[in-house]
Amino acid sequence: MPPQSLSDLKRKDLLQSKGYINAEWVSAASGATFDVINPANLKKIATLPEMGKEETIAAIQAAHAAFQSYKKTSARQRARMLRKWSDLCLEHADDLALILTLENGKTLTEAKGEVTYAASFLEWFAGEAERVHGEVVPTANLNQRVLTFKQPLGVAACLAPWNFPIAMITRKVGAALAAGCTTVWKPAGETPLSCLAQAVLAQEAGFPKGAINVVTTLEKVAEVGQELCESKLVRKLSFTGSTRVGKLLMQQCSQSLKKLSLELGGNSPFLVFDDAKLETAVEACVMAKFRNSGQTCVTANRIFVQSGIHDKFAEALTKRIKELKVGPGTEEGVFVGPLTHDRAVEKAMSHIADAKNHGGQVILGGEPLKELGGYFLQPTVITNMKTSMITTREETFAPVLGIYRFDKEEEAIDLANDCDVGLGSFVITENMPRMWRVAEALEVGMVGVNLGLLSACESPFGGVKESGYGREGGTQGIDEYLAVKSMLINVAN
């Protein structure tokens, strides 16, 4: 029987109930707290300190003090600590997955997958730490030599979302620590326990006092965020979340001109062409749409299907979705867990209602599953979708799938690009020239061809337009935390 509660943890110290500042577990100075809720049954699973400006300043100061010595560590030293952290994640994967499932709602299978994915970033950036190279630049003036080298920026603020609370921390923090930066973490208030467990393991891996700090908050997010943005001691801020909040953070960071990485909202198009293999299209769509109950940054939000395969695809996809088991993430065989909070259910229902009002036909699902006791929603399929519907403009972030029909390739590209954001996309085709044409024409940061996943530690992750800028992962990820310095040398005799 799979583990069911936090009492099943093998390593009890991975469950922490305080923030982490300057290598100490601390409460909020005010004594205020907030509860962490299991979205599958709405029961409290932990109580954490409601931290604010005072604790954020302390965390920043601790990170800044630690940076003075940490920046002088060798790349080899930093790589060894990152590798040890990665190994610890894998060693305690079952416990980490259980914590994640109970606070986020995703299935244990998905949670274990996220732990492995998170550990891969630590291993990847351990390697990247020793591949930070400068260069010798050919000069026009023969009496000079020009060299460049890269140095860590300083304190990095890492703001993680609730949908991937482990992987988004390691993707940011792994790059920062590899570069020689020290860090302040701000996990989402809905899912802070996974982040705190990572702080336990990072400490065990040998990172020095002050290199890692965790500020927990649910109600004072704006206060904490503003301090991280406006502090002159913070030289880098990385944020994954909504476009609206990303724009606000960008404005607040403008006073100190700190370097930003923003991975913001997506509205990923999923394009199925007539020449696609039906089974490939269906399985890729299920993965792209229903993974994490539709709550991923690159979830397929607009399903565009060419007329020749439209009816067969809709029928086969609906049949496959009917097979997906809905329930608590700790239950065997469950594929779709609860949404993480009540606002997600409300938003999804408003999108379904809008689609129906504009002529959409709900051929599967469409209702909350209140009898399950948590934030559950029936996997939903809507056909006869139109571009006037809200779902066309906004991420639904739920297991709600709308199918649009198109006739020509050019039409599909225009529909896909008619969007303010551009994070991920999916193209299902057996035509190689078409694959290239469409991939190059889509206004997005990432394209998945004949698959439903876009994530790998060695692949840069990020978007264009209002999906933000900067890249996480890949060889580009560590550069977000580095500054290039030039040195000009007079060699005249």
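Our structure's up above, just so we're on the same page.
Residues numbered from 1 in each chain as written. Predicted model: local features only at pLDDT ≥ 70, side-chain atom pairs only at ≥ 80, totals over all residues. Heavy atoms only, no water.

1. Considerations on the sheet that holds strand β18 (residues 426-428)
One open sheet holds the seven strands; their spatial order is β14-β15-β16-β13-β12-β18-β19, and the pairing between them is mixed. Here the strands that pair on one side only, and so sit at the sheet edges, are β14 (361-364) and β19 (448-449). Note that strand β15 (residues 380-383) and strand β16 (residues 400-406) share three bridges and pair parallel. Looking across to β16, one finds that Ile 382 is bridged to Gly 402. Packing against the sheet, helix α10 (residues 307-322) makes contact with β12 (268-272), β13 (300-306), β14, β15 and β16, and its axis sits at approximately 165° to β16. (Pairing = 2+ DSSP bridges. Helix = DSSP H or I, 4+ residues; strand = E, 2+ residues; numbered from the N terminus. Contact = heavy atoms within 4.5 Å. Axes fitted to C-alpha atoms, helices over the stretch in contact; angles between N-to-C directions.)

2. Focus: the pairing of β12
Burial runs high along β12: five of the five residues are buried. Burial of β12 is two-sided: the residues Ser 268, Phe 270 and Val 272 facing one way and the residues Pro 269 and Leu 271 facing the other way are all buried. Handedness of the crossover joining β12 and β13 through helix α9 (residues 278-290): right-handed. The pairing of β12 with β18 spans three bridges and is parallel. Residue Val 272 lies in a different strand from β18, and its bridge partner there is Ile 428. (Buried < 20%, exposed > 50% of the residue type's maximum accessible area, 1.4 Å probe, protein only. Right-handed = clockwise from strand over helix to strand, strands pointing away.)

3. As for the pairing of β15
Of the two faces of β15, the one carrying Thr 380 and Ile 382 and the one carrying Val 381 and Thr 383 are both buried. Inspection of the sheet shows β14 paired to β15 by three bridges, in the antiparallel sense. Considered in β15, the bridge of Val 362 is made with Ile 382.

4. Some points on the packing of aromatic side chains
Counting across every chain of the model gives nine aromatic pairs. Taking the centre distance of 4.5 Å and the plane angle of 45° together, the rings of Tyr 20 and Trp 25 count as tilted. Here the aromatic rings of Tyr 117 and Phe 121 are separated by 4.8 Å at their centres, their planes lie at 65°, and the arrangement is edge-to-face. Within this pair, Tyr 117 and its partner Phe 121 are both found in helix α4 (residues 108-129), separated by four residues, close to a single helical turn. For the pair Tyr 117 and Phe 121, one class covers both residues: buried. Clustering of aromatic rings is evident, with ring pairs tying together Tyr 70, Trp 85, Trp 185 and Phe 207. Between Lys 106 and the ring centre of Phe 164, over which it is positioned, the NZ or CZ distance is 3.9 Å. Sitting over the ring of Trp 124, Arg 131 keeps its end group 5.7 Å from the ring centre. (Phe/Tyr/Trp six-rings, centres within 6.5 Å; stacked < 30°, edge-to-face > 60°. Lys NZ or Arg CZ within 6 Å of the ring centre and 35° of its normal.)

5. Quick word on the packing of α9 against α10
Close contact between α9 and α10 brings their axes to 10 Å; oriented N to C, the two are set at 55°. In terms of their interaxial angle, α9 and α10 are classed as oblique. Considering the relative orientation of α9 and α10, their crossing is right-handed. Side by side, α9 and α10 meet where Leu 278, Ala 281, Val 282, Glu 283, Cys 285, Val 286 and Phe 290 of the first sit next to Ile 309, Lys 312, Phe 313, Ala 316, Leu 317, Arg 320 and Ile 321 of the second. Within the contact of α9 with α10, the residues separate by chemical class into 11 nonpolar, no polar and three charged. (Parallel < 35°, antiparallel > 145°, perpendicular 65-115°, else oblique. Left-handed = near helix turned anticlockwise from the far one by under 90°. Nonpolar A, V, L, I, M, F, W, Y, C, P; charged D, E, K, R; others polar.)

6. Examining the side chain of Lys 106
Tracing the backbone through its elements, the reader meets Lys 106 in the loop between α3 (93-104) and α4. In terms of polar contacts, Lys 106 uses its side chain to reach the backbone carbonyl oxygen of Asn 163, at 3.0 Å. Apart from the residues within four sequence positions on either side, Lys 106 is in contact with Leu 100, Thr 101, Ala 111, Glu 114, Asn 163, Phe 164, Asn 292 and Gly 329. (Polar contact = N/O pair within 3.5 Å; in protein donor to acceptor, adjacent residues only side chain to side chain.)

7. Some words on unusual backbone geometry
Of note, the phi angle at Asn 292 is positive, near 55°, even though the residue is not glycine. Mapped onto the secondary structure, Asn 292 falls in the loop between α9 and β13. For Ser 293, which is not a glycine, the phi torsion comes out positive at approximately 60°. Residue position: Ser 293 is located in the loop between α9 and β13.

8. Considering the sheet that holds strand β6 (residues 144-152)
Strand pairing in a sheet takes place through backbone hydrogen bonds and is either antiparallel or parallel in direction. An order of β5-β6-β22 is seen for the three strands of this open sheet, with the pairing classed as antiparallel. Each of the sheet's edge strands pairs with one partner strand only, and the pair in question is β5 (135-137) and β22 (482-490). The sheet shows a mean angle of 25° between the axes of neighbouring strands, taken without regard to direction. Direction of pairing for β5 relative to β6: antiparallel, over a ladder of three bridges. Among the inter-strand pairings, Glu 135 is bridged to a residue of β6, identified as Thr 148.

9. Focus on the nonpolar core
In this structure, Leu 82, Trp 85, Leu 96, Leu 177, Trp 185, Phe 207 and Ile 212 are the most contacted members of the largest nonpolar core, which totals 67 residues. With 12 residues, the single largest contributor to this core is α4. One finds Val 305, Phe 376, Val 381 and Phe 426 within the second-largest nonpolar core, a separate group that totals 36 residues. (Core = buried A, V, L, I, M, F, W, Y, C linked by side-chain atoms within 4.5 Å.)

10. Quick notes on the environment of Ala 79
Summarising the element assignment, Ala 79 is placed in helix α2 (residues 75-91). Residue class for Ala 79 comes out buried when judged on its relative accessible area of 0%. Along the backbone, Ala 79 and Glu 130 are 51 residues apart, and their C-alpha atoms lie at a distance of 7.4 Å. Not counting residues up to four positions away in its chain, the partners in contact with Ala 79 are Ala 126 and Glu 130.

11. As for the pattern of salt bridges
Going through the model one piece at a time under the given rule, you end up with 23 salt bridges. Across the salt bridge formed by Lys 236 and Glu 480, the nearest N and O atoms sit 3.5 Å from each other. Linking Lys 236 in strand β10 (residues 234-240) with Glu 480 in the loop between β21 (468-469) and β22, this pair joins segments that are 244 residues apart in sequence. Classification of Lys 236 as buried rests on a relative accessible area of 0%. For Glu 480, a relative accessible area of 12% translates into the label buried. As a salt-bridge pair, Glu 443 and Lys 465 come within 2.9 Å of each other at their nearest N and O atoms. Residue Glu 443 is found in the loop between α14 (432-441) and β19, and its partner Lys 465 is found in strand β20 (residues 464-465); the two are separated by 22 residues along the sequence. (Salt bridge = Lys/Arg side-chain N within 4 Å of Asp/Glu carboxyl O.)

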